[in-house]
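Okay, here's what each chain looks like letter by letter:
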Amino acid sequence: MPVITYRQALRDTLRAEMHRDENVFLMGEEIGVFEGSYKITEGLLKEFGERRVRDTPIAEEGFVGAAVGAAMLGLRPVVEIMTINFSLLALDQIVNHAAKIYGMFGGQNSVPMVIRTPGGGGQQLGATHSQNVELYYAFVPGLKVVAPSTPADAAALLRAAIRDDDPVLFLENLGLYNTKGEVPDEEVVGEIGRAAVVREGTDITLVGYSRMAMIATQVADRLAEEGISVEVVDLRSLRPLDRETIVNSVKKTGCAVVAEDDWLTYGIGAEIAASIQEGAFDYLDAPVRRVAMAEVPLPYAKPLENAALPSAESVTTVIYETLRAVGRRVG
Amino acid sequence: MADTAKPKATGKTGSRRRAARNNADSHFNGEKPEVLLDYYRQMLLIRRFEERAAQAYTQARIGGYCHLNLGEEATIVGLMEALQERDYLFTNYREHGYAIAKGTHPREVMAELYGRSTGVSKGWGGSMHLFDARTRLLGGYGIVGGQLPLAVGAALAITYRGSDEVVMCQMGDGTTNIGAFHESLNIASLWNLPVIFVVINNFTGMGTPVERSSAEPELYKRGSAYRIEGVRVDGRDVLAVRDTATTLVERARSEHRPFLLEAFSYRMKGHSVVDPAKYRTKEEAEEALANDPIAMFEERLTEAGILTDEIKKEIAESVKAEVADAADFAENSPHPEVSTLFDYTYATPVANESRRMPADPVFAE
Ligand SMILES: Cc1ncc(C[n+]2csc(CCOP(=O)(O)OP(=O)(O)O)c2C)c(N)n1
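Procedures and definitions
- Residues numbered from 1 in each chain as written.
- Chains lettered and ligands numbered in written order.
- Predicted model: local features only at pLDDT ≥ 70, side-chain atom pairs only at ≥ 80, totals over all residues.
- Heavy atoms only, no water.
- UniProt positions renumbered as here; feature names shortened; annotations may be inferred.
- Buried < 20%, exposed > 50% of the residue type's maximum accessible area, 1.4 Å probe, protein only.
- Helix = DSSP H or I, 4+ residues; strand = E, 2+ residues; numbered from the N terminus.
- Pairing = 2+ DSSP bridges.
- Axes fitted to C-alpha atoms, helices over the stretch in contact; angles between N-to-C directions.
- Contact = heavy atoms within 4.5 Å.
- Near = heavy atom within 4 Å.
- Polar contact = N/O pair within 3.5 Å; in protein donor to acceptor, adjacent residues only side chain to side chain.
- Areas by Shrake-Rupley, 256 points an atom, 1.4 Å probe, with all protein chains shown as cover.
- Nonpolar A, V, L, I, M, F, W, Y, C, P; charged D, E, K, R; others polar.
- Expected span 1.5 Å × (residues − 1).
- Buried area = accessible area lost by both parts, 1.4 Å probe.
- Salt bridge = Lys/Arg side-chain N within 4 Å of Asp/Glu carboxyl O.

- The name recorded for chain B in an unreviewed UniProt entry is Pyruvate dehydrogenase E1 component subunit alpha, from Thermobifida fusca.
- Recorded in UniProt for chain B, the comment headed Catalytic activity (unreviewed entry) runs: "N(6)-[(R)-lipoyl]-L-lysyl-[protein] + pyruvate + H(+) = N(6)-[(R)-S(8)-acetyldihydrolipoyl]-L-lysyl-[protein] + CO2".
- Per UniProt, the comment on chain B under Cofactor (unreviewed entry) is "thiamine diphosphate".

- By the naming in an unreviewed UniProt entry, chain A goes by Dehydrogenase complex, E1 component, beta subunit and is assigned to Thermobifida fusca TM51.
- For chain A, the Cofactor (unreviewed entry) comment in UniProt is given as "thiamine diphosphate".

Structure follows, in structure tokens:
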């Protein structure tokens with residue numbers, strides 16, 4: 001299996017899907033001539049021309065809404081929003097239109113579109129450019145939200161998202177674009193709505209997605225050297241949420257930690273902890289713990305930014321604490 | 001305050017009324033009487049339909065918000081006459097008349113207002129969200145300005161495929177102040193998209209007069225920053241609207257570019273059924289009633305000898321029967337089954353989709 005970057009996996013998949021289906025086209029700011037702020041669409045304008053790789057004005061509400069309208073007529077737009085922070089300007093079109101049109105009109109018209117956008121802090125971009133607000137969208141029935149953490153999942157889930165008849169928010173991450181992994185040569189269409197157990201383990205369940213899933217596997221690999229067996233659940237899909245996989249894991253391990261790349265209050269960890277207590281109450285040997293960002297607008301200065309963000313170290317600390325709570329001698 | 005928003009010809013109440021009479025052309029240059037009578041009938045149907053809807057609303061047969069087209073009948077019929085069947089229409093939430101004039105059966109519109117499964121949106125949309133894939137009414141939208149980006153996207157799809165439909169996108173005067181208006185006009189012009197943006201200027205957004213919300217209250221000029229040609233038409237005159245709109249629709253089709261059409265008319269009642277419009281002066285309310293497009297058309301048709309008492313009675317009766325039938329149909333239609341609650345969340349079935357009812361446990365045994 002070839003080893004390629006997450007970025008390459010996205011680009012190859014976009015390209016292949018555009019060759020496969022004439023209705024698939026790309027829209028976004030700076031995706032054509034500039035070849036994408038993060039170069040995901042590099043080479044695509046040259047290959048497909050302006051009709052299918054369309055540079056838009058800086059008008060998120062306007063062009064995201066235009067994608068919704070084009071999808072209503074049966075095209076399959078894949079929109080790039082430069083970073084998820086700017087998706088807030090398109091909130092109305094995503095939440096009040098893309099997510100509502102199928103249901104609100106009694107199933108007469110689906111909206112087959114994809115919004116690709118990266119989240120991610122840790123790049124010293126300051127408070128407005130470092131957020132992970134994908135949960136705003138994961139809150140909304142009618143939308144599907146996926147967040148792959150590996151190049152293979154990026155390819156498989158992007159393919160699935162493009163072929164899906166519903167609006168899909170496809171979350172990327174600035175910190176993942178250069179990561180590498182094996183991607184099968186054959187065409188794999190991922191399944192939206194399914195988490196994956198990416199490391200099997202018996203001592204503790206560690207849940208994350210996107211960049212935190214990557215960190216979770218690193219933590220699991222390191223703790224294995226200390227004889228701690230961590231089971232890592234990569235959510236991959238935030239809506240629908242695969243609670244079954246999480247709960248089954250906790251039934252095996254008896255305790256869980258959730259690693260979140262954004263603020264704790266009202267976050268995904270709260271949702272998962274609630275699900276675990278309802279689905280695996282009798283199996284729990286310790287409270288579910290959450291590792292999450294400090295609740296501040298993310299500062300620019302590196303020491304402050306580093307301190308505010310969850311990391312492999314903070315995840316490891318909380319795993320130790322949880323294992324001690326169930327009576328293990330660790331750390 | 002300077003009354004810059006209103007067209008010059010319409011100054012004080014009395015003169016406006018007179019102006020309309022003076023304009024009355026008893027010859028209707030070459031118009032076929034049966035066509036004129038058909039317009040008249042359509043306008044009357046919308047009028048009676050809306051009155052019936054208001055009644056049903058006050059009787060609590062209709063829920064939610066209910067915005068009526070009273071006073072806009074001539075505009076609606078004129079606009080819909082300008083569209084071909086294959087052309088697409090997007091509107092705001094004040095769209096009952098548009099749905100009917102585009103070809104949805106009044107029964108299905110009324111049933112939607114009643115929230116019945118036979119409604120045009122199967123009871124999922126209500127008054128503000130009528131949608132008919134068959135007639136290409138691609139939705140009434142309750143969010144002010146929400147329909148504009150969508151209409152631009154539909155026109156983009158048309159251009160992408162190289163076909164020749166046109167998209168009409170209706171909105172109110174207040175909508176010209178929202179960001180989506182400006183983003184959409186810019187994109188439509190930049191990409192040469194066949195969209196007719198139609199601003200229904202009833203001089204008020206809820207209770208706010210145009211000149212208190214739009215820094216350029218001559219709304220047809222608001223496309224000029226985007227090099228979009230704007231035209232103002234007397235929305236009380238069905239023929240003027242039809243002719244102006246037809247020209248723009250056909251130009252959009254052949255020239256591949258957007259236009260902005262402002263049609264002014266008077267909102268005869270409050271913003272919605274529940275609004276008594278107390279913010280209006282007595283004179284303003286009277287002015288609105290004096291600008292009743294149906295009364296004006298009736299007068300012209302009568303003067304031209306086209307509308308006789310007999311025909312008038314005949315049309316009134318058939319319209320009355322049609323509206324009564326629509327209300328009966330709605331009343332006797334079934335409510336949607338609760339078992340269909342999860343039918344329309346996703347078009348593509350998906351793993352782990354929640355189908356939990358409020359009191360259900362998260363993990364069903
Ligand atoms: C984004 C948004 N803001 C506010 C409202 C509440 N609202 C509903 S109708 C309306 C007035 C709109 O006026 P106009 O565009 O002139 O249309 P009209 O009702 O006169 O047809 C307002 C403020 C809304 N529906 N959506």
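What follows continues from the structure just given.
**Focus on the pairing of strand β8 (residues 259–264) of chain B**
Successive residues of a regular strand alternate their side chains across the two faces of the sheet.
All names here are of chain B.
Part 1 of the reasoning: With six of its six residues buried, β8 lies for the most part within the structure.
Part 2 of the reasoning: The side-chain alternation of β8 yields two buried faces, one formed by Phe259, Leu261 and Ala263 and the other by Leu260, Glu262 and Phe264.
Part 3 of the reasoning: Here strand β4 (residues 195–201) pairs with β8 via six bridges, running parallel. Note on β8: the bridge partner recorded for Val199 is Glu262.
Part 4 of the reasoning: Relative to β8, strand β7 (residues 230–234) runs parallel, the two being bridged by five bridges. By the bridge assignment for β8, Gly230 is matched with Leu260.

**Focus on the sheet that holds strand β13 (residues 256–263) of chain A**
Residue and element names in this part refer to chain A.
Part 1 of the reasoning: One open sheet holds the five strands; their spatial order is β9-β11-β10-β13-β14, and the pairing between them is mixed. Since the sheet does not close on itself, it has two edges, and those belong to β9 (196–199) and β14 (289–293), each with one partner. Taken pair by pair, the neighbouring strands of this sheet meet at an average axis angle of 25 degrees, ignoring direction.
Part 2 of the reasoning: The sheet contact formed by strand β10 (residues 204–208) and β13 spans three bridges and is parallel. Of the residues in β13, the one forming a bridge with Val207 is Val258.
Part 3 of the reasoning: Contacts from helix α9 (residues 243–253) reach β9, β10, β11 (230–234) and β13 within the one sheet, and its direction differs from that of β11 by about 175 degrees.

**Examining the UniProt feature "domain: Dehydrogenase E1 component" (unreviewed entry) in chain B**
Part 1 of the reasoning: Look at the UniProt record and you will see "domain: Dehydrogenase E1 component" (unreviewed entry) annotated at residues 42–338 of chain B.
Part 2 of the reasoning: Along residues 42–338 of chain B the backbone is 44% helical and 13% strand, and the end-to-end C-alpha distance reaches 36 Å.

**Quick word on the site of the ligand**
Residues and elements named next belong to chain B.
Part 1 of the reasoning: Around the ligand, the surrounding shell holds 15 residues, and the nearest of these are Tyr93, Arg94, Gly142, Gly174 and Thr175.
Part 2 of the reasoning: One nitrogen or oxygen atom from the main chain of Gly142 is found 2.9 Å from a nitrogen atom belonging to the ligand.
Part 3 of the reasoning: Within the backbone of Val144, an N or O atom sits 3.0 Å from a nitrogen atom of the ligand.
Part 4 of the reasoning: Contact with the protein chains removes 72% of the 590 Å² of surface that the ligand exposes when unbound.
Part 5 of the reasoning: Along the lines of polarity and charge, the residues of the shell around the ligand split into four nonpolar, nine polar and two charged.

**Things to note about helix α11 (residues 309–332) of chain B**
Residue and element names in this part refer to chain B.
Part 1 of the reasoning: Between its terminal C-alpha atoms α11 stretches 34 Å, which fits the 34 Å expected from 24 residues at 1.5 Å a residue.
Part 2 of the reasoning: Within α11, burial applies to Ile315, Val319, Val323, Ala326, Ala327 and Ala330.
Part 3 of the reasoning: Residues of α11 that are buried make contact with α2 (33–58) and α5 (106–113).

**Some details on the interface of chain A and chain B**
Part 1 of the reasoning: Listed per partner, the contact involves 61 residues of chain A and 48 residues of chain B.
Part 2 of the reasoning: Between chain A and chain B, roughly 4,200 Å² of surface is buried when both sides are summed, and carbon and sulfur atoms account for 64% of that area.
Part 3 of the reasoning: Taken as a group, A:Leu73, A:Phe105 and A:Gln108 account for 17% of the area that chain A buries against chain B, more than any other trio of residues on that side.
Part 4 of the reasoning: In this assembly, chain A and chain B are joined by zero salt bridges.
Part 5 of the reasoning: Viewed at the interface, chain B and chain A are joined by 24 residue pairs in polar contact (both at pLDDT 80 or more).
Part 6 of the reasoning: Elements with a minimum of two residues in the side of chain A that touches chain B: β2 (24–28), β3 (53–55), α3 (60–72), α4 (91–98), α5 (101–104), α9 and α10 (268–279) of chain A.
Part 7 of the reasoning: Examining the composition of the side of chain A that touches chain B, we find that ten residues originate from one element, α3(A), more than from any other.
Part 8 of the reasoning: Class assignment of the residues belonging to the side of chain A that touches chain B gives a composition of 23 nonpolar, 19 polar and 19 charged.

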